[in-house]
Amino acid sequence: MLKNYLIVAVRNIFNHKFYAALNILGLSLGLTASMLIGLYVYDELTFDRFHDDYKNIYHVGTHVRFGGQDFITSSTGPILAPALVQQITGIEAATRLNPWPLKGIDMHYGDKAFSEQRAIYVDSNFFDFFTFTLLEGNKETVLKEPYSIVLTPASAKKYFGAHSYESGSVIGKIITVGQKNTAFTVTGIAAPAPANSHIQYDMLLSLASHTDVKANRWGDVDGTYTYFKKNERTPIELLSAQLNELMTVNVRPEMESSFNMTSEEFEKQGNLYSIFPYPLSDSHLRHPEITDGLAPNGSVTSLYMIGAVGIFILLIACINFMNLSTARSARRAREVGLRKTFGSGKGKLVMQFLAESAVYVLAALLLAFLATYLLLPFFEILAGKTLSPGTLLVPTVAGGILLIVVLVALLAGSYPAFYLTSFKPIDVLKGKLSAGVRSKGVRSILVVVQFSISMALMICTLVVYDQLVFMRQKNVGLDKHNVLVLQKTMRLGGNLEAFKESVTRLSGVSYASYADAEFPEVNRAGTFRPKGTNRDILFQVYHADYDHLAALKIDLVAGRFFSRELSSDSGAVVLNEAAVKALGWTDPLNERFEGDNHSDLPVIGVIRDFNFESFRSEVRPLLILLRAHDDFMHVRYTANAAEIVSAIESVWKKLAPNAPFEYAFLDQNFDQLFREEQRLGKLFTVMSSVAIFVACLGLLGLASFTAEQRTREIGIRKVMGASVRSITTLLSREFMILVAIAFVLGSATGWYAMHEWLNTFAYRIDFSPVVFIVSGAIAAVIAWLTVSYHFIRAAGSNPCDAIRHE
């Protein structure tokens, strides 16, 4: 019996190829888009959940509030982790990671020299604590001894060659680390971390080798990442309270000594020093305020938006399928009547219609799986991450897809299956069902829903694009174009000044300046006390040399910058406008800070605010100190970029022949500030285009059906003298009215979604009516072009043929 149902279903598909193609193509596109987005969302939501005991692993962050400024970091001091296990009941284990220096560690083997950006110092229990795979070595001892190092297969091959690694002769080899060329022994080989881990490494070094591991000040936050594993029966709320009690007891005497005030006075001024645990699985998405993690954070807001797009596209595709299925069902009313007359029962007819719907859906599903597999590499480029098609076979994901497919098949087949089969054969054969079956109310509502969603997605796409353009073009307070950033310049040793002089003399170079920050990052904070007060203020701090403002074209709004002619400038400071505002000073050039040993730090200048953090936050108070040489050099050039890089590299090789030459471009660094928004904009552009295309497929099918249903009316109107244009306008009007209603609803939805999204930015665009006008115009033109083809064709047909049409 089932075989007969399937044969009839396939026969009907081939008898109505146009509608079958529209149904299958639209649904397969919707399923493909939702599968690709589903893979992305699943990957983001399962970050760090591959660890065996991830539900009980927590990361410890630090929250400092000082002088009205908040500083939130994912790091702590190294002293915390051992104390957690020793002093807090309910914590079973703790471990530490330290990626310092953040900009890479120099590594040498023979004549090979590299700067490793993903080399991390870790505790000896790293492989016991986390579920990372150790391919060679004993996980209990591989990182126990100082100066031990574990490589990944890729890094082992990079240093020792493929043959050496495959022959198993890597263990025991020596790699020298850092500018002091400290010898580290290779003790193991570890598999690379999964792509959805916030801990990514190419090399793991024993933390016992790190110079800062023995630091014993509780209040110092030095870039150590602390994790603990709790007993599953112990509530985290209880542990959190004990953690802060532990910190309070130990930090209080340090605070009183450093700030010359009691802890009560410290808190009375609104200051705060606390630590907070958060689940390992929340490290990637749930804490956007933390920007100094081991890997860039994702955005849960953006993820929800992308997930909603996937759901909306699938909804549009399902509406298409149901619309066309119900529209075509009117053509089959007589078939149902004849079948029932010849003895077919209602149950068999219901099964027939559901079987046909299932065949359509299964065909679309197979096409969607094939398209997902073929398009995944391109989608990975779009999404900026590696995804596995095998995720579709994960039980929860596969179950979700199966549920969607069953629901779509049932919904699309339920109308003809249960409605048409419920009437008496004589009524069907007499045509008494035509009015009810062909009622357009439900289909009109579904068309409005489709185009409302498409309109909202189009508006969101345009707003995201406008915000991206705004952030790219916004004056960030400095000129980020034509600036080359040289990294790790301290590798030059005693040749720092000679290097700067040589670079400055190069043709096409305007200025060169050392600083200890690679903009837009300023990752160092410090407290300074205005002279004559007992109030310490938290500032973002960096050091720069005399040519800093000229190299970056930062405007000076008051006073002056550091001068070579004034030796006293070594003890002076320059502030930004945000700092002056936070201090409430009206005449900052006559103000001073109190430095160490009660020395004075006069304010000699005020610079214009520039963005050194995300556009989602206001510019924070900034303080600049003088230092002639540092770890980064900003070079402003006027010549061809490639020629400048080549010329500077030649100078570098003469002065530091064994040191890696690394560089970046300042404008590209600033682009990283809105990396998430760029990815969101690309996804919205592609997916909104898919949504509109799928909606138009449905509109095309409905237009064809409407033209077919009104063939006789068209013929009569032509005989009565109506023109092709007037008939086309008449037939198109009802669809354009639906699009107009959809425009209103979609505009409201898009405005609300983007209003909430834009409110997350401190620097944002204002809504422009142009966005809504352009979206409406595009939708109207696309809709009209879609429906007018069939209507023009029908209106231009021979009226005699139309009148004879049954």
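Quick note: structure is the one above.
Residues numbered from 1 in each chain as written. Predicted model: local features only at pLDDT ≥ 70, side-chain atom pairs only at ≥ 80, totals over all residues. Heavy atoms only, no water.

1. Side note on the packing of aromatic side chains
Evaluation of the coordinates by the stated rule reveals 29 aromatic pairs. An aromatic cluster of at least three residues, connected via ring pairs, comprises Phe50, Phe126, Phe127, Phe129, Phe130, Phe132, Tyr201 and Tyr227. Seen from the ring of Phe129, Lys229 lies directly overhead, with NZ or CZ sitting 5.0 Å from the centre. Across the ring face of Tyr40, the terminal group of Lys385 is positioned such that the distance to the ring centre comes to 5.2 Å. (Phe/Tyr/Trp six-rings, centres within 6.5 Å; stacked < 30°, edge-to-face > 60°. Lys NZ or Arg CZ within 6 Å of the ring centre and 35° of its normal.)

2. A word on the nonpolar core
For soluble globular proteins, nonpolar side chains are generally found buried alongside one another. Ranked by size, the top nonpolar core spans 116 residues in total, and within it Leu27, Phe379, Phe451, Phe519, Tyr542 and Phe610 carry the most contacts. Excluding residues that lie within four positions of it along the chain, Tyr542 makes contacts with Asp516, Ala517, Phe519, Val522, His548, Phe610, Leu622, Leu623, Ile624 and Leu625. Listed in part, the 26 residues of the second largest apolar core include Ile88, Trp218, Ile236 and Tyr273. (Core = buried A, V, L, I, M, F, W, Y, C linked by side-chain atoms within 4.5 Å. Buried < 20%, exposed > 50% of the residue type's maximum accessible area, 1.4 Å probe, protein only. Contact = heavy atoms within 4.5 Å.)

3. Let's talk about the environment of Gly571
Assignment of secondary structure puts Gly571 in the loop between strand S18 (556-559) and strand S19 (573-576). Taking C-alpha positions, Gly571 is 7.7 Å from Leu626, a pair spaced 55 residues apart along the chain. In this view, Gly571 contacts Asp600, Leu601 and Pro602; residues no more than four positions away in its chain are not counted. (Helix = DSSP H or I, 4+ residues; strand = E, 2+ residues; numbered from the N terminus.)

4. Side note on helix H2 (residues 17-45)
With 29 residues, H2 should cover 42 Å at 1.5 Å per step; its first-to-last C-alpha distance of 41 Å lies within 8% of that length. Counting buried positions along H2 yields 21 of 29 residues, so the element is predominantly enclosed. (Expected span 1.5 Å × (residues − 1).)

5. Observations regarding unusual backbone geometry
Geometrically, the link from Phe519 to Pro520 is a cis peptide bond, its omega value of 10 degrees lying close to zero. Phi is positive for Asp48, which is not a glycine, with a value near 65 degrees. A residue is classified by how much of its surface remains accessible, and Asp48, at 0% relative accessible area, is buried. A positive phi is found at Asn482, a non-glycine position, where the angle reads about 60 degrees. Structurally, Asn482 is set in the loop between helix H15 (441-473) and strand S14 (483-487). The exposure class of Asn482 is partly exposed, given its relative accessible area of 41%.

6. Describing the side chain of Asp569
With respect to the helices and strands, Asp569 occurs in the loop between S18 and S19. Given a relative accessible area of 1%, Asp569 falls into the buried group. Only 2.7 Å separates the side chain of Asp569 from the side chain of Arg560, close enough to count as a polar contact. Within polar-contact distance, the side chain of Asp569 engages the backbone nitrogen of Ser563 at 2.8 Å. Sequence-distant contacts of Asp569, that is, excluding residues within four places in its chain, are made with Arg560, Phe561, Phe562, Ser563, Ile604 and Leu626. (Polar contact = N/O pair within 3.5 Å; in protein donor to acceptor, adjacent residues only side chain to side chain.)

7. Details of the pattern of salt bridges
As enumerated under the stated definition, the model contains 19 salt bridges in all. Measuring nitrogen to oxygen at the nearest pair gives 2.8 Å for the salt bridge that ties Glu116 to Lys158. Here Glu116, found in strand S5 (residues 112-116), pairs with Lys158, found in helix H5 (residues 153-160); they are 42 residues apart in sequence, far enough to count as distant. When its relative accessible area of 3% is taken as the criterion, Glu116 is described as buried. Put simply, Asp600 and Arg592 hold a salt bridge, and the shortest N to O gap is 3.8 Å. Residue Asp600 is classed as partly exposed on the basis of its relative accessible area, which comes to 33%. Overall, Arg592 belongs to the partly exposed group, its relative accessible area being 37%. (Salt bridge = Lys/Arg side-chain N within 4 Å of Asp/Glu carboxyl O.)

8. Structural notes on a negative patch on the surface
On the surface, Glu256, Glu264, Glu265 and Glu267 cluster together to form a negatively charged patch. Looking at the negative patch, the element that brings in the most residues is helix H8 (residues 263-268), giving 3 residues. Checked against the element boundaries, Glu265 lands in helix H8. Relative accessible area serves as the criterion here: at 41%, Glu265 is assigned to the partly exposed category. (Patch = residues over 30% accessible without salt bridge, like charges linked within 9 Å, V, L, I, M, F, W, Y side chains within 5 Å. Areas by Shrake-Rupley, 256 points an atom, 1.4 Å probe, with all protein chains shown as cover. Lys, Arg positive; Asp, Glu negative; His and termini not counted. Charge placed at Lys NZ, Arg CZ, Asp CG, Glu CD.)

9. Structural notes on the environment of Gly605
Positionally, Gly605 belongs in strand S21 (residues 600-607). With 16 residues separating them in the primary sequence, Gly605 and Leu589 have C-alpha atoms 6.5 Å apart. When residues no more than four places from it in sequence are discounted, the contact partners of Gly605 are Ala558, Gly559, Arg560, Val573, Val574, Leu575 and Leu589.

10. What to know about a nonpolar patch on the surface
Nonpolar side chains collect at one region of the surface, where Ile311, Phe312, Leu315, Ile445 and Val449 lie side by side and expose about 430 Å² of accessible area between them. For the nonpolar patch, the secondary-structure elements that each account for two or more residues are helix H9 (300-329) and H15. Ranked by residues supplied to the nonpolar patch, first place goes to H9 with 3 residues. Note on placement: Ile311 falls in helix H9.

11. As for the pairing of strand S15 (residues 509-515)
Among the 7 residues that make up S15, 5 are buried, leaving the element largely enclosed by the rest of the structure. Two strands pair when backbone bridges link them, and S15 and strand S23 (residues 632-637) are joined in this way by 6 bridges, in the antiparallel orientation. Its bridge partner being in S23, Tyr511 is matched across the sheet by Arg636. (Pairing = 2+ DSSP bridges.)

12. Concerning the environment of Glu237
Summarising the element assignment, Glu237 is placed in helix H7 (residues 236-259). Between the C-alpha atom of Glu237 and that of Pro277, which follows or precedes it by 40 residues, the distance is 9.4 Å.

13. Considering the packing of helix H16 (residues 496-504) against helix H19 (residues 641-655)
The contact between H16 and H19 brings their axes to 10 Å, and the two run at 155 degrees. Comparing the axis directions of H16 and H19 gives the class roughly antiparallel. Pair H16 / H19 crosses with right-handed handedness. In contact with Ala498, Phe499, Ser502 and Val503 of H16, H19 contributes Ile648, Val651, Trp652 and Leu655. (Axes fitted to C-alpha atoms, helices over the stretch in contact; angles between N-to-C directions. Parallel < 35°, antiparallel > 145°, perpendicular 65-115°, else oblique. Left-handed = near helix turned anticlockwise from the far one by under 90°.)

Structural measurements only, silent on function.
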